[in-house]
Amino acid sequence: MEVKIHKLQESDAESLFHFEVANRVYFNKMVPDRGEDYYKFETFNDKLVQLVTEQSLCLSTFYLIKDENGTILGRINLDFSSINNCAELGYRIGEGYTGNGIATRALKLLLEKTTNLEVIQCIVARTTQDNVASQKVLAKNGFTYAYTDQDEVLLNGKFVSLLHYIWKKEAR
């Protein structure tokens, strides 16, 4: 399966909304629920417009991960509001597409685009201690383990440890 990343656009609203609704239960196992309002199309669309605006201001960049037919497989993004020229990585793959190397390939594509951005010197990422798949995706793309938070966080009724990873441009 071919994997491509495409910058988020307002025209993606309907297909992305359906992707999010279809994967809500699955995503809620790993991240806090976004609330009922998020899953109302009008609210979702308003939030998407905000993200596209944020992207146009170079505060973040948002990509949809798609296959060769244009089907949304996941999302991947960078938040540039961190300090020290570091961006924060986030990604999610739809339940029906996990275990196929999609996140690994999408992150590789994102890093290729990022190496041309002089302002980005490093990228940080967090994952839960039990999300071994995400840890492997990061490691395969040159991220190194940095540290584990001292305090556990409550995520969906369960206390979990957060592991921090870093990718540095100068190491490339």
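Refer to the structure presented above.
(A) Here's a closer look at the pattern of salt bridges. As enumerated under the stated definition, the model contains 11 salt bridges in all. When the shortest N-O distance is used, the salt bridge between Glu20 and Arg75 registers 2.8 Å. One end of the pair, Glu20, is in helix α1 (residues 13–22); the other, Arg75, is in strand β3 (residues 72–79), and 55 residues separate them in sequence. Sharing partners across several salt bridges, the network here consists of Glu20, Arg34, Arg75 and Arg92.

(B) Representation of the packing of helix α4 (residues 102–114) against helix α5 (residues 132–140) in the model. Axis separation between α4 and α5 bottoms out at 9 Å; the angle between their running directions is 35°. Like other packed secondary-structure pairs, α4 and α5 cross with a definite hand, here right-handed. In this structure, α4 contributes Ala103, Thr104 and Leu107 to the contact, and α5 contributes Val137, Leu138 and Lys140.

(C) Spotlight on empty space enclosed by the protein. Enumeration over the complete set of coordinates arrives at 1 cavity of 30 Å³ or more. Leu8, Phe62, Tyr63, Leu64, Arg75, Ile76 and Asn77 are the residues that line the largest cavity. Looking at the lining of the largest cavity, the elements with two or more residues in it are β2 (60–66) and β3. Of the residues that constitute the lining of the largest cavity, the class distribution is 5 nonpolar, 1 polar and 1 charged.

(D) Structural view of α1. Every buried residue of α1 is accounted for by Ala13, Leu16, Phe17, Phe19 and Glu20. Buried residues along α1 cover an arc of 160° about the axis, so they all sit on one side. When the buried face of α1 is taken as reference, the exposed residues oriented beyond 90 degrees from it are Glu14 and Ala22. On its buried face, α1 is in contact with α2 (24–28), α3 (41–56), β2, β3 and β4 (86–93).

(E) Geometry of the nonpolar core. If you look at the biggest cluster of nonpolar residues, it comprises 25 residues, and the most contacted ones within it are Ile65, Ile76, Leu89, Leu107, Leu110, Ile123 and Phe143. Looking at this core, the elements with two or more residues in it are β2, β3, β4, α4, β5 (122–128), α5 and β9 (162–168). Considering each element in turn, this core owes the most residues, 6 residues, to α4. Core analysis: the second largest hydrophobic core is formed by 15 residues, Leu8, Leu16, Phe62 and Leu64 among them.

(F) Seen up close, the packing of aromatic side chains. Counted according to the given criterion, the structure contains 7 aromatic pairs. Taking 5.3 Å as the distance between ring centres and 85° as the angle between the ring planes, the aromatic pair formed by Phe17 and Phe41 counts as edge-to-face. Of this pair, Phe17 sits in helix α1 while Phe41 sits in helix α3, placing them 24 residues apart in sequence. Assessed through its relative accessible area of 12%, Phe17 is described here as buried. Classification of Phe41 as partly exposed rests on a relative accessible area of 37%.

(G) Molecular detail of the state of the cysteines. Evaluated as defined, the whole model comprises 1 disulfide. Between the sulfur of Cys86 and that of Cys122 lies a disulfide, 1.5 Å long from S to S. You can see Cys86 sitting in strand β4 and its partner Cys122 sitting in strand β5, a full 36 residues away along the chain. Each member of the pair, Cys86 together with Cys122, is buried. Among the cysteines around Cys58, which has no disulfide bond, Cys86 carries the closest sulfur, lying 18 Å off.

Reading the values: the criteria
- Residues numbered from 1 in each chain as written.
- Predicted model: local features only at pLDDT ≥ 70, side-chain atom pairs only at ≥ 80, totals over all residues.
- Heavy atoms only, no water.
- Salt bridge = Lys/Arg side-chain N within 4 Å of Asp/Glu carboxyl O.
- Helix = DSSP H or I, 4+ residues; strand = E, 2+ residues; numbered from the N terminus.
- Axes fitted to C-alpha atoms, helices over the stretch in contact; angles between N-to-C directions.
- Left-handed = near helix turned anticlockwise from the far one by under 90°.
- Contact = heavy atoms within 4.5 Å.
- 1 Å grid on protein atoms, 1.4 Å probe; cavity = no way out; pocket = protein on both sides within 12 Å on 5 of 7 lines; lining within 4 Å.
- Points joined across faces, edges and corners; volume = space filled by probe spheres on them.
- Nonpolar A, V, L, I, M, F, W, Y, C, P; charged D, E, K, R; others polar.
- Buried < 20%, exposed > 50% of the residue type's maximum accessible area, 1.4 Å probe, protein only.
- Arc of directions from axis to C-beta.
- Core = buried A, V, L, I, M, F, W, Y, C linked by side-chain atoms within 4.5 Å.
- Phe/Tyr/Trp six-rings, centres within 6.5 Å; stacked < 30°, edge-to-face > 60°.
- Disulfide = S-S within 2.5 Å.

In short, shape yes, function no, at least from these values alone.
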